[in-house]
Amino acid sequence: QVQLVESGGGLVQAGGSLRLSCSPSERTFSYFAMGWFRQAPGKERESVAAIRWSGTSSYYADSVKGRFSISRDSGKNTVYLQMNSLKPEDTAVYYCAASLSWSPSVRSSYEYWGQGTQVTVSS
């Protein structure tokens, strides 16, 4: 069973930055696509960004384009979500997910999920 461990959430003021990290338990993850989703209270879980482990493709939701950046470090077996210019509406629990296919915004295409990390942006 693949496990995903997220870290890096916290409380930040509007305009600030945070970097989330996700480390899969499997060392050989080159065939996965990795994605970040978020879920705010009372809302559906939505796609934020995704990247092929090879790094050849990436995806961003319109709401985060130009502010968020997804990357991976194969040597450290870690995927990152750099979040800049944070807004109060970015407040949510952020989840890391892994998929054997490339349908980056489709929640049901992801087979493995982390437990989530809280991001709170104050105004």
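For the structure itself, look to the data block above.
Scope of this entry: the structure provided in the associated data block. Because the structure is a prediction, the values reported are computed rather than measured.

**Brief notes about the overall build of the protein chain**
Along its length, the protein chain carries zero helices and eleven strands. Secondary structure elements in the protein chain, listed N-terminal to C-terminal, are β-β-β-β-β-β-β-β-β-β-β. Relative to a compact globule of 123 residues, whose C-alpha radius of gyration would be 14 Å, the protein chain shows 13 Å and is just as compact. Principal axes of the C-alpha set define a box for the protein chain whose edges measure 40 × 30 × 25 Å.

**Thoughts on the side chain of Ser 109**
Assignment of secondary structure puts Ser 109 in the loop between strand E9 (92-99) and strand E10 (112-113). Of the polar contacts made by the side chain of Ser 109, one reaches the backbone oxygen of Ser 103; its length is 3.1 Å. There is a polar contact of 2.7 Å between the side chain of Ser 109 and the backbone oxygen of Val 106. In this structure Ser 109 touches Ser 99, Ser 101 and Ser 103, once residues within four positions along its chain are discounted.

**Focus: the sheet that holds strand E3 (residues 18-24)**
Read across the sheet, four strands follow the order E1-E3-E8-E7 without closing on themselves; strand pairing throughout is antiparallel. Here the strands that pair on one side only, and so sit at the sheet edges, are strand E1 (4-7) and strand E7 (68-73). With strand direction ignored, the average angle separating the axes of adjacent strands in the sheet is 15°. With five bridges connecting them, E3 and strand E8 (residues 78-83) associate as antiparallel partners. Paired with Cys 22 across the bridge in E8 is Val 79.

**Looking at the state of the cysteines**
Summed over all chains, the structure comprises one disulfide. With its sulfur 2.0 Å from that of its partner, Cys 22 forms a disulfide with Cys 96. Given an S-S torsion of about -75°, the disulfide between Cys 22 and Cys 96 has left-handed geometry. Here Cys 96 lies in strand E9 and Cys 22 lies in strand E3, a separation of 74 residues in the sequence. A relative accessible area of 0% places Cys 22 in the buried class.

**Quick word on the packing of aromatic side chains**
Taken as a whole and assessed by the stated rule, the structure comprises four aromatic pairs. Seen in terms of ring centroids, Tyr 110 and Trp 113 are 6.0 Å apart; in terms of plane orientation they differ by 55°. Their pairing is tilted. On the basis of relative accessible area, Tyr 110 is assigned to the buried category, the value being 5%. Here a set of aromatic residues connected by ring pairs shows up, and it is made of Phe 37, Tyr 110 and Trp 113.

**What about the pattern of salt bridges?**
Any two side chains of opposite charge can pair if their charged atoms end up close together. This model, assessed by the stated rule, comprises four salt bridges. Linking Arg 38 and Asp 90 is a salt bridge whose minimum nitrogen-to-oxygen distance equals 2.9 Å. One end of the pair, Arg 38, is in strand E4 (residues 33-39); the other, Asp 90, is in the loop between E8 and E9, with 52 residues separating them in the sequence. For the pair shown, Arg 38 and Asp 90 are each scored as buried. Among the salt bridges present, the one from Arg 67 reaches Asp 90, with a minimum N-O distance of 2.7 Å. One end of the pair, Arg 67, is in the loop between strand E6 (58-60) and E7; the other, Asp 90, is in the loop between E8 and E9, and 23 residues separate them in sequence. Given the relative accessible area of 11%, Arg 67 is considered buried. One continuous salt-bridge network, built from bridges that share partners, spans Arg 38, Glu 46, Arg 67 and Asp 90.

Definitions and cut-offs
- Residues numbered from 1 in each chain as written.
- Predicted model: local features only at pLDDT ≥ 70, side-chain atom pairs only at ≥ 80, totals over all residues.
- Heavy atoms only, no water.
- Helix = DSSP H or I, 4+ residues; strand = E, 2+ residues; numbered from the N terminus.
- Rg over C-alpha atoms; globule rule 2.2 N^0.38 Å.
- Polar contact = N/O pair within 3.5 Å; in protein donor to acceptor, adjacent residues only side chain to side chain.
- Contact = heavy atoms within 4.5 Å.
- Pairing = 2+ DSSP bridges.
- Axes fitted to C-alpha atoms, helices over the stretch in contact; angles between N-to-C directions.
- Disulfide = S-S within 2.5 Å.
- Buried < 20%, exposed > 50% of the residue type's maximum accessible area, 1.4 Å probe, protein only.
- Phe/Tyr/Trp six-rings, centres within 6.5 Å; stacked < 30°, edge-to-face > 60°.
- Salt bridge = Lys/Arg side-chain N within 4 Å of Asp/Glu carboxyl O.

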